Amino acid sequence: MTKTNAGRFFEDYAVGDVITHAVPRTVSGGESALYHALYPARGALHSSDEFARACGLPASPVDDLITFHTVFGKTVPDVSLNAIANLGYAEGRWLHPVYPGDTLTSMSEVIGVKENSNATSGVVWVRTTGRNQHGKDVLSYVRWVMVRKRGSGPAPQAVVPELRKTVEAADLVIPQGLRFDGYDFALAGEPHCIGDYKVGEVIDHVDGVTIEEAEHMLATRLWQNTAKVHFDATNRADGKRLIYGGHVISLARALSFNGLANAQMIVALNGGAHANPCFAGDTVRAWSEVLDIAPTAVDSIGAIRLRLVATKGQAGVLRGADGKYDPDVLLDLDYWALMPV
């Protein structure tokens, strides 16, 4: 008999399973301070209580990706402790802002399973929901993960869920009270409102950051992500520790400030793929493509749909002639953000 948790393997998942994840996490200003230390994050709404109050919120909410990482991290011991790779995301919606002092919990429902052709691993789809201490849903998203099998026995019958390719603009949740009528563009850092962007426009965010082993491991511990591939160098045949995909997401999002400083809040995640592995020593750059622009229920706020690409290569390069991701591309993320009209 053992009291330790070896994590779930592919055979341990069944469609319809509902998993309540440990451990509740009370978010404080410490998370925000560390987030700003780890990434060049400068979004005004997430940096200043006074700026947030001028936009109709009671205080500065924690960065939207802090919410994502915290909710995500809770799921790792139950969903991806034995993961080979986190493959993608869909149908993500931020439903309520998170403020310092809020306590977050996570639960996941298994919505799909499919064994890989090599019969040594399989893909598991889960829909995860994060809630605060008042029982309000703060975030919901689907992700799919490649997980090792325990043995060579039979696999569960394949169920592949049908997922929406995009969250409709009409389904975006605008935080209660948020308005951009008196938005201070000078304090925000750039003069560009949503009317200054055009569908199809590509923005090179110019800057690059070289990833350090210590920083990514600190970040992964901060979110209580226990996936072995991020910590244990013996877990991969090449002896490398895989950079947590969320670290790449946050880094690329922070780099996008240069050109998208007024894309203040992420409100939906339409899709995403970790196209190629990222390792310490890689220098990450970012570029964005404007995919869509839409009005919202608040006349001073528009929604901008963006493709955010993290790459070790050139801006604008995504796929090769064969349709596969360019080897330098690390992340392809499709999201909606809120921006002043």
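Located above this text is the structure these notes cover.
These notes cover the structure that comes with them. (Residues numbered from 1 in each chain as written. Predicted model: local features only at pLDDT ≥ 70, side-chain atom pairs only at ≥ 80, totals over all residues. Heavy atoms only, no water.)

### Some words on the overall build of the protein chain
No. 1: In terms of helices and strands, the protein chain carries seven helices and ten strands.
No. 2: A principal-axis box enclosing the C-alpha atoms of the protein chain has dimensions of 60 × 50 × 40 Å.
No. 3: Residue burial in the protein chain is summarised as follows: out of 341 residues, 52% are buried.
No. 4: At a minimum sequence separation of 6, the contacts of the protein chain that also span at least 24 residues come to 78%.
No. 5: Per element, the accessible surface of the protein chain, about 14,300 Å² overall, is 52% carbon and sulfur. (Helix = DSSP H or I, 4+ residues; strand = E, 2+ residues; numbered from the N terminus. Buried < 20%, exposed > 50% of the residue type's maximum accessible area, 1.4 Å probe, protein only. Contact = heavy atoms within 4.5 Å. Areas by Shrake-Rupley, 256 points an atom, 1.4 Å probe, with all protein chains shown as cover.)

### Describing the side chain of Ser 256
No. 1: Secondary-structure assignment places Ser 256 in the loop between helix H6 (245–255) and helix H7 (257–260).
No. 2: One polar contact links the side chain of Ser 256 to the main-chain carbonyl oxygen of Arg 253, over a distance of 2.6 Å.
No. 3: The residues touching Ser 256, leaving out its near neighbours within four places in the chain, are His 205, Ala 261, Ser 288, Leu 308 and Tyr 335. (Polar contact = N/O pair within 3.5 Å; in protein donor to acceptor, adjacent residues only side chain to side chain.)

### Considering the pairing of strand S3 (residues 103–115)
No. 1: Where strand S1 (residues 18–26) meets S3, six bridges bridge the pair, whose relative direction is antiparallel. Bridge assignment links Arg 25 to a residue of S3, and that residue is Leu 104.
No. 2: Direction of pairing for S3 relative to strand S4 (residues 121–131): antiparallel, over a ladder of ten bridges. Along S4, the bridge assignment pairs Met 107 with Thr 129. (Pairing = 2+ DSSP bridges.)

### Here we look at the pairing of S4
No. 1: For S4, a buried count of nine out of eleven residues is recorded, marking the element as mostly surrounded by other parts of the structure.
No. 2: Joining the antiparallel neighbours S3 and S4 is a turn of five residues, in which Ala 119 adopts a positive phi near 60 degrees.
No. 3: Bridge count for S4 against strand S5 (residues 137–148) is eleven bridges, and the pairing is antiparallel. Pairing of Gly 130 across the sheet is with Leu 139, part of S5.
No. 4: Counted along the chain from S4 to the antiparallel partner S5, the turn is five residues long, and its residue Gly 135 has a positive phi close to 80 degrees.

### Focus: helix H3 (residues 64–79)
No. 1: Its 16 residues place the ends of H3 22 Å apart at the C-alpha level, agreeing with the 22 Å of an ideal helix rising 1.5 Å per residue.
No. 2: Remark: the principal bend of H3, roughly 25 degrees, maps to Gly 73, with a proline, Pro 77, within the next four residues.
No. 3: Most of H3 is tucked away: 15 of the 16 residues are buried.
No. 4: A side-chain oxygen of the first residue of H3 lies 2.9 Å from the backbone nitrogen of Leu 65; this N-cap is Asp 63. (Expected span 1.5 Å × (residues − 1). Bend = angle between axes of the 7 residues up to and from the residue.)

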